[in-house]
Amino acid sequence: MPSAFLRRRELSLVLLLYLLLCCLNHAFGADASTKLRQPVPTNVVVLTFDDSVKSHFTVARPLLKKLGFHATFFITEGFDFPTNKQDYMTWEEIRQLHDDGFEIGNHTRDHMGITAKSVGKVREQLEAINERCRAHGIPVPVSLAYPGNAFHVDALPILESMGIRYARRGGSPEYTYEEGGGVAYEPGRDHPLLIPSAGDGRPNWSLVDFTKALGRARAGSIPVLQFHGVPDRAHPWVNTPTEQFVSYMTYLKTNNYAVLALRDLERYVGTDTKPANPQAVIDERIKQRGRGSSTRSRCVSPPATGGSDKLRVTDQCSRTFGPRLLSRSASEHKATLVQLDCARPAVPAAGHRPAPRSRMALESRISTGGTARSSIENPKS
Ligand SMILES: [Zn+2]
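Quick caveat, the model's predicted, so the values are computed rather than measured. (Residues numbered from 1 in each chain as written. Predicted model: local features only at pLDDT ≥ 70, side-chain atom pairs only at ≥ 80, totals over all residues.)

On to the overall build of the protein. Helix and strand content of the protein: eleven helices and eight strands. Among the 381 residues that make up the protein, the fraction classed as buried is 43%. Restricting the contact set of the protein to residue pairs at least 6 apart, pairs at least 24 apart contribute 75%. (Helix = DSSP H or I, 4+ residues; strand = E, 2+ residues; numbered from the N terminus. Buried ≥ 20, exposed ≤ 12 C-beta atoms within 10 Å, placed from the backbone. Contact = placed C-beta atoms within 7 Å.)

Written out as structure tokens, the structure reads:
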């Protein structure tokens, strides 16, 4: 029958179109359940700052305001926050960040790593920061950063019940803590309460490392960057020198990035868009990374000795990023620095020590350095 033949043909076409759409969806890194509110533009990045560091107020705030950037500041009263007002913000300063339009996020009262053992204390830890926010006229946070980047899936229902909509972890377990690397957030594939960091700023980062973190985003994914102090005297292993930070922000401005706070993800993806198995995408990436690690090209940044040396790259990196792009960025970068009147010398971190090479070294430093008084479970920043 011709009509039956036509119906079969139409059905085949519909099936073919459906399969094509599924393939395209997969190619762009989202699963079939992803429902974006609007397409994610190419040049978008989320900026986050952890640990209530003084330089968030004195250095990051004026620069971000000048550039028109948004950001999230994750607040903890851990370490020696209550007594050391030279290295940590006051609540009045945190309130000022909120008044400026920045997002204030929760980083737990005691900088408590969220593990199987500590998950029972999560509610109390978050509520303490919520209460401080209420007392200072700051809305109760809807975003969380896991202290020490330690997370446990048992905490997810607790976070949801406390109104946390987005939670940022580190680059681990896909990358080790020491690497400071990570992956871009893939809306729909990543659970909104397990958003990975695409990069975790370190003292030896150069502009190449920064652009490498940005470059981890593919179509439809968003790089979420993690910083601590800029500079950070109390946590030198995650210090970002001021001059370096200015160069990163200048790069974002020069390249027309939309710079967002974590809560701004709401524009693109609702918190109802989440995978059934939060761990699945993480396991898949680890498997893929294991398969690709032997052939992965490694870019070794030159030592950050100052000036134009910071923009020198190895031959391998030139091939990866394109020397033309880097040289153009370097000149534009300098021009914008002058334009923004930000070309001040770096503020050296007093008592700065080189970043420890291993977790053991890091933990040994913390246990002997006296900087992690009230940090429990997982003392890393
Ligand atoms: Zn922290």
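Considering every residue of the protein, the mean pLDDT works out to 76; 67% of them sit at 70 or more. Ignoring residues within four places in sequence, the model shows residues 22-33, a span with pLDDT below 50, making 20 contacts including any to other chains. The model gives residues 293-379 a pLDDT under 50, and that stretch makes 114 contacts with residues more than four places away or in other chains. (pLDDT = per-residue confidence, 0-100.)

So, about the environment of Tyr88. Among the structural elements, Tyr88 can be located in the loop between strand 2 (72-75) and helix 3 (91-99). Tyr88 sits in the buried class, given 25 other C-beta atoms within 10 Å. For the pair Tyr88 and Ala234, spaced 146 residues apart in sequence, the C-alpha separation works out to 8.7 Å. Beyond its immediate chain neighbours, meaning those up to four positions away, Tyr88 contacts Ser52, Val53, Lys54 and Phe81.

Residues Val46, Ala71, Phe73, Ala167 and Leu225 are the most contacted members of the largest nonpolar core, which totals 70 residues. Discounting chain neighbours no more than four positions away, the residues touching Ala167 are Ser143, Leu144, Tyr146, Leu159, Leu193, Leu194 and Ile195. (Core = buried A, V, L, I, M, F, W, Y, C linked by C-beta atoms within 7 Å.)

Turning to helix 2 (residues 54-67), a few remarks are in order. Its 14 residues give helix 2 an end-to-end C-alpha distance of 20 Å, which sits within 8% of 20 Å, the value for a rise of 1.5 Å per residue. Where helix 2 bends most, the angle comes to about 40°, and this point is Ala60, followed within four residues by the proline Pro62. For helix 2, the full list of buried residues reads Lys54, Ser55, His56, Phe57, Val59, Ala60, Arg61 and Leu64. In this structure, the buried residues of helix 2 make contact with strand 1 (44-50), strand 2, helix 3 and helix 7 (242-254). Where helix 2 ends, the next residue or the one after it, Gly68, has phi of about 75°, a positive value. (Expected span 1.5 Å × (residues − 1). Bend = angle between axes of the 7 residues up to and from the residue.)

With that settled, the discussion passes to the pairing of strand 2. Both faces of strand 2 are covered, namely the face carrying Thr72 and Phe74 and the face carrying Phe73 and Ile75. As paired strands, strand 1 and strand 2 are joined by three bridges and run parallel to one another. For Phe49, the partnering residue across the bridge sits in strand 2 and is Phe73. Read as a crossover between parallel neighbours, the route from strand 1 over helix 2 to strand 2 is right-handed. Pairing of strand 2 with strand 3 (residues 103-106), which is carried by four bridges, proceeds in the parallel orientation. Bridged to Ile75 within strand 3 is Asn106. Crossover handedness for the path strand 2 to helix 3 to strand 3: right-handed. (Pairing = 2+ DSSP bridges. Right-handed = clockwise from strand over helix to strand, strands pointing away.)

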